Amino acid sequence: MSHIETTGLTVGIDDAVLDALLLEAGATRSELDDIWPTYHQMLDDVFLTVAEKARDDRADTETLLSTWQYLSSRTDDLLSSNGRRQVLVDVIRTAAEYNFGAVTATGAWRTYAGLSATILSFPEAESRQRTLDALRASEMSFVETMEMFYRNVLPTVGYRLKPHFGGDWQPFVVAAASVIEGLGLIRASVPSLVERPLEIPFNDVVEPWSLASLAFMGVVDAFVEPDPDYEPHEAIARLSGGVDVTPSSAEDPQAY
């Protein structure tokens, strides 16, 4: 796995690379053959491991934790609607840009993206179905983690999911992730377009935005709106008291 995460997923592993990996592991070809009688069986297990590991790699824990810490430093801004909008914009712009760089630049993510894009072209077999099932489980694990996170963060800064979504945050999570990961794929071929900073006016000030942050903000505005029942002092008390950074469950979206 360490080799694949460093170099990315390729069509195969040539003999020279395989010999080097065996030497590093202190194993022999005969020991390898005892575990995987055929080359395809080995690749099937590699693909399955990549799919299963994706659930740990895609939700960037550092971004999630740092967002809560940042909110604790902006409690005074939560007292006004303009202040809350500024906090929301600042959080999205910073977190999306960091997440875009931290996640989509890794070999682990490129491997996951490559496997997701090509798995349906593999021959139909039990091994392909196992990998598909693992990819689906990883995707749902990611969606559930981010859903709980957004259920906590956005209400804390005075925003709610628009009523016509019926309280279902998952479409928002999927749309937001698609922006980040889709741009990650495009960056491989046209990095200059994706990485070029954009000068965007906000509150009479022109500020630099990354394309990832600007696109992510568009998704946020499409799905959420200011909460008319927001109580800033309650949110400030939670943040000032050392709010638990573990996202609340979907069954209790107001729990902290």
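Residues numbered from 1 in each chain as written. Predicted model: local features only at pLDDT ≥ 70, side-chain atom pairs only at ≥ 80, totals over all residues. Heavy atoms only, no water.

A. Focus on the packing of helix α6 (residues 81–104) against helix α9 (residues 170–187). Two elements in contact, α6 and α9, have axes separated by 10 Å at closest approach and are oriented at 55°. Judged by the inter-axis angle, α6 sits oblique to α9. Along this stretch, α6 crosses α9, giving a crossing that reads as right-handed. Across the interface between the two elements, Ala96, Asn99, Phe100 and Thr104 from α6 touch Ile180, Glu181, Leu183, Gly184 and Arg187 from α9. (Axes fitted to C-alpha atoms, helices over the stretch in contact; angles between N-to-C directions. Helix = DSSP H or I, 4+ residues; strand = E, 2+ residues; numbered from the N terminus. Parallel < 35°, antiparallel > 145°, perpendicular 65-115°, else oblique. Left-handed = near helix turned anticlockwise from the far one by under 90°. Contact = heavy atoms within 4.5 Å.)

B. Broad picture of the nonpolar core. Leu71, Leu88, Tyr150, Leu154, Phe172, Phe216 and Val220 are the most contacted members of the largest nonpolar core, which totals 42 residues. For this core, the secondary structure elements donating two or more residues are α5 (61–72), α6, α8 (126–156), β1 (159–161), α9, α11 (211–223) and α12 (232–240). The residues contacting Tyr150, other than those within four sequence positions of it, are Pro155, Trp169, Phe172, Val173, Ala176 and Phe216. Residues Val103, Ala113, Ile119 and Leu132 belong to the second largest nonpolar core, which totals 11 residues. (Core = buried A, V, L, I, M, F, W, Y, C linked by side-chain atoms within 4.5 Å. Buried < 20%, exposed > 50% of the residue type's maximum accessible area, 1.4 Å probe, protein only.)

C. Fine view of the environment of Tyr159. One can find Tyr159 in strand β1. Residue Tyr159 is classed as buried on the basis of its relative accessible area of 6%. With residues near it in sequence (within four places) discarded, Tyr159 still touches Arg84, Arg85, Leu88, Leu154, Val224, Glu225, Pro226 and Asp227.

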